[in-house]
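# A look at the structure
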Amino acid sequence: MKVYFIFDVKKEFISLYQNNERVLFNILRQIYYLDKEEVAYGYNLFCQLVNRIEKEELDRRIFLKFHQDIPYSKRGDTHYINNLYKDEISRLIVKKSYIKLEVEQENSSFFTILRNFSSNYFVCEFRLQDCFFLGSKENPCSRFPVLSS
């Protein structure tokens, strides 16, 4: 299972890291693995790089896009897609500072919908050391079409 952490990167850092995703990934990874004694430093650095996510608004938008789809369900703060036809099992949780996406396969329908909401999302899989901008043309999710809102 892959666990992706998705961050809404501030616009001023998008152009800086667009072709240097590894640098941004390493900064976020260092924050992710900080010792408890360094939490204040990590929090300040994190707030400089990343926008706060409007959790309730994003939860509502995701629910409205998927609520009529049979493979979609929502329990509490967790969105689920269990689509046996596409061999997709995904679980998404929206937090105020990041979005957590757990997937069994390479791609998820959640990537498509998030890509349509913002081009500033930066996706990290810390364990496998994978990263990409969700709105980037070069990333593995670029084959998902941009849906009209």
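Scroll up a little and you will see the structure.
Before going into details, it helps to say that this report is about the structure given with it. For clarity, every value in this text was computed on a predicted model and none was experimentally measured.

## Re helix α4 (residues 55-66)
Helix length check: α4, at 12 residues, gives a terminal C-alpha distance of 17 Å against a target of 16 Å (1.5 Å per residue), a fit within 8%. Taken together, the buried positions of α4 are occupied by Lys55, Leu58, Asp59, Ile62 and Phe66. All buried residues of α4 fall inside an arc of 100° around its axis, so they share one side. In this structure, the buried residues of α4 make contact with β2 (72-75), β3 (78-83), β4 (88-94), β5 (99-103), α5 (109-117) and β6 (121-125).

## A word on α5
Note on helix geometry: an α-helix contains 3.6 residues per turn, so any two residues three or four positions apart are oriented the same way. Of all nine residues that make up α5, nine are buried, and the element is covered over most of its length. Within α5, burial applies to Ser109, Phe110, Phe111, Thr112, Ile113, Leu114, Arg115, Asn116 and Phe117. Taking the backbone nitrogen of Phe110 as reference, a side-chain oxygen 3.1 Å away marks Ser108 as the first, capping residue of α5.

## With respect to the nonpolar core
Counting residues in each nonpolar core, the largest one holds 22 residues, and the members touching the most others are Leu58, Ile62, Phe110 and Leu114. Elements with a contribution of two residues or more to this core: β1 (2-8), α4, β4, β5, α5 and β6. Among the elements that make up this core, the one with the highest residue count is α5 (five residues). With near-sequence residues (within four places) excluded, Leu114 lies in contact with Ile6, Leu58, Ile62, Leu92, Ile99, Tyr121 and Leu134. In terms of nonpolar packing, the next biggest core, distinct from the first, is built from 19 residues, Val9, Leu28, Val50 and Cys124 among them.

## Things to note about the sheet that holds strand β7 (residues 130-133)
Read from one edge to the other, the open sheet built from seven strands follows the order β2-β3-β4-β5-β1-β6-β7, with strand pairing classed as antiparallel. In this open sheet, the two edge strands, each paired with only one partner strand, are β2 and β7. The average angle at which neighbouring strand axes cross in this sheet is 20°, direction not considered. Its contacts with the sheet place helix α2 (residues 21-32) against β1, β6 and β7, and it is angled at close to 65° to β6. Across the sheet, α5 lies against β1, β2, β3, β4, β5, β6 and β7, angled at about 40° from β4, the strand it touches most.

## A look at the packing of α2 against helix α3 (residues 39-49)
Where α2 meets α3, the axes come as close as 10 Å, and the angle between the chain directions of the two elements is 145°. The chirality of how α2 crosses α3 is left-handed. Side by side, α2 and α3 meet where Leu24, Ile27, Leu28 and Ile31 of the first sit next to Gly42, Leu45, Phe46 and Leu49 of the second. Taken together, the residues of the contact of α2 with α3 sort by class into seven nonpolar, one polar and no charged.

Cut-offs and rules
- Residues numbered from 1 in each chain as written.
- Predicted model: local features only at pLDDT ≥ 70, side-chain atom pairs only at ≥ 80, totals over all residues.
- Heavy atoms only, no water.
- Helix = DSSP H or I, 4+ residues; strand = E, 2+ residues; numbered from the N terminus.
- Expected span 1.5 Å × (residues − 1).
- Buried < 20%, exposed > 50% of the residue type's maximum accessible area, 1.4 Å probe, protein only.
- Arc of directions from axis to C-beta.
- Contact = heavy atoms within 4.5 Å.
- Polar contact = N/O pair within 3.5 Å; in protein donor to acceptor, adjacent residues only side chain to side chain.
- Core = buried A, V, L, I, M, F, W, Y, C linked by side-chain atoms within 4.5 Å.
- Pairing = 2+ DSSP bridges.
- Axes fitted to C-alpha atoms, helices over the stretch in contact; angles between N-to-C directions.
- Left-handed = near helix turned anticlockwise from the far one by under 90°.
- Nonpolar A, V, L, I, M, F, W, Y, C, P; charged D, E, K, R; others polar.

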